[in-house]
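Chain and residue survey
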Amino acid sequence: MKQKLSKLIALEPEPDHRGDHEVPNRPMSPLEAACFIEGMAAELRLMARSTKLSALSYFLEMVRIEASAEIERLASPSRERH
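The sections below set out a description of the structure shown in this document. Worth saying up front: this structure is predicted, and the values here are computed from it rather than measured.

Rules of the game
- Each chain has its residues counted from 1, running along the sequence as written.
- In view of the model being predicted, local features appear only for residues whose pLDDT reaches at least 70, and side-chain atom pairs are presented and counted only at 80 or more, with totals across whole chains, interfaces and linings using the full set of residues.
- Each side-chain value is worked out from all heavy atoms of the structure, with water and hydrogens disregarded.
- A helix here means a DSSP run of H or I that spans at least four residues, while a strand means a run of E at least two residues long, and both kinds are numbered starting from the N terminus.
- Type-normalised accessible area, obtained with a 1.4 Å probe on protein chains alone, sets the label of each residue: buried when under 20%, exposed when over 50%, and partly exposed for intermediate values.
- Residue exposure ignores everything except the shown protein chains as possible cover, and the areas themselves are Shrake-Rupley values with a 1.4 Å probe.
- The span one expects for a helix is its residue count, reduced by one, times 1.5 Å.
- To be clear, the arc concerns the directions from the helix axis to the C-beta atoms.
- Whether two residues touch is decided by their heavy atoms; if any such pair falls within 4.5 Å, the residues are in contact.
- Interaxial angles span 0 to 180 degrees and are taken between N-to-C directions of axes, which are lines fitted to C-alpha atoms, for helices over the stretch in contact.
- Roughly parallel means an angle under 35 degrees; roughly antiparallel, over 145; roughly perpendicular, 65 to 115; everything else is oblique.
- If you view the pair so one helix is near and one far, a crossing is left-handed when the near helix is turned anticlockwise from the far one by less than a right angle, and right-handed when it is turned clockwise.
- Patch definition: residues with relative accessible area over 30% and no salt bridge; like charges joined within 9 Å; nonpolar side chains (Val, Leu, Ile, Met, Phe, Trp, Tyr) joined within 5 Å.
- Any Lys or Arg side-chain nitrogen found within 4 Å of a carboxyl oxygen on Asp or Glu counts as a salt bridge.

What follows covers the overall build of the protein chain. Each helix and strand counted, the protein chain has two helices and zero strands in total. By the burial criterion, 12% of the 82 residues in the protein chain qualify as buried. When the accessible surface of the protein chain is summed, it comes to about 7,500 Å², and 59% of that surface belongs to carbon and sulfur atoms.

Moving on to helix H2 (residues 54-75). With 22 residues, H2 should reach 32 Å at 1.5 Å per residue; the first-to-last C-alpha distance of 31 Å fits that figure. Where H2 is concerned, the buried positions are Ser57, Leu60, Glu61, Ala67, Ile71 and Leu74. Along the long axis of H2, the arc covered by the buried residues comes to 150°, so they all point the same way. Facing away from the buried side of H2, by more than 90 degrees, are the exposed residues Ser54, Phe59, Glu66 and Glu72. In this fold, the buried residues of H2 make contact with helix H1 (30-50).

As a further point, take the packing of H1 against H2. Contact geometry for H1 and H2: axes closest at 8 Å, N-to-C directions at 155°. Taken together, the axes of H1 and H2 are roughly antiparallel relative to one another. Where H1 crosses over H2, the two elements pack in a sense that is left-handed. The segment H1 lies against H2, with Pro30, Leu31, Ala34, Cys35, Ile37, Glu38, Ala41, Ala42, Leu44, Arg45, Ala48 and Arg49 engaging Leu56, Ser57, Leu60, Glu61, Val63, Arg64, Ala67, Ser68, Glu70, Ile71 and Leu74.

Next up on the list: a nonpolar patch on the surface. Together, Tyr58, Phe59, Met62 and Ile65 make up a nonpolar patch on the protein surface, roughly 390 Å² of accessible area in all. Following the sequence through the fold, Phe59 ends up in helix H2.

Rendered as structure tokens:
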């Protein structure tokens with residue numbers, strides 16, 4: 001499938017943009033990444049659901065659930081250290 005590059009949006013924020021979802025300039029921990037992914041997946045799922053994109057809504061909910069499970073695993077005090 002041929003993609004139309006002109007319609008793609010850059011993932012990096014504008015230099016002067018300071019949004020709530022700004023990714024830090026340092027490497028993220030696995031827990032921070034899982035939390036960010038969980039929140040973004042939830043927001044994207046609402047967007048997909050409100051526009052009747054049911055397959056996307058379903059897969060985004062699966063992403064949110066998996067991210068939530070990772071958060072639980074990573075935040076657990078009994079987590080095994082490798």
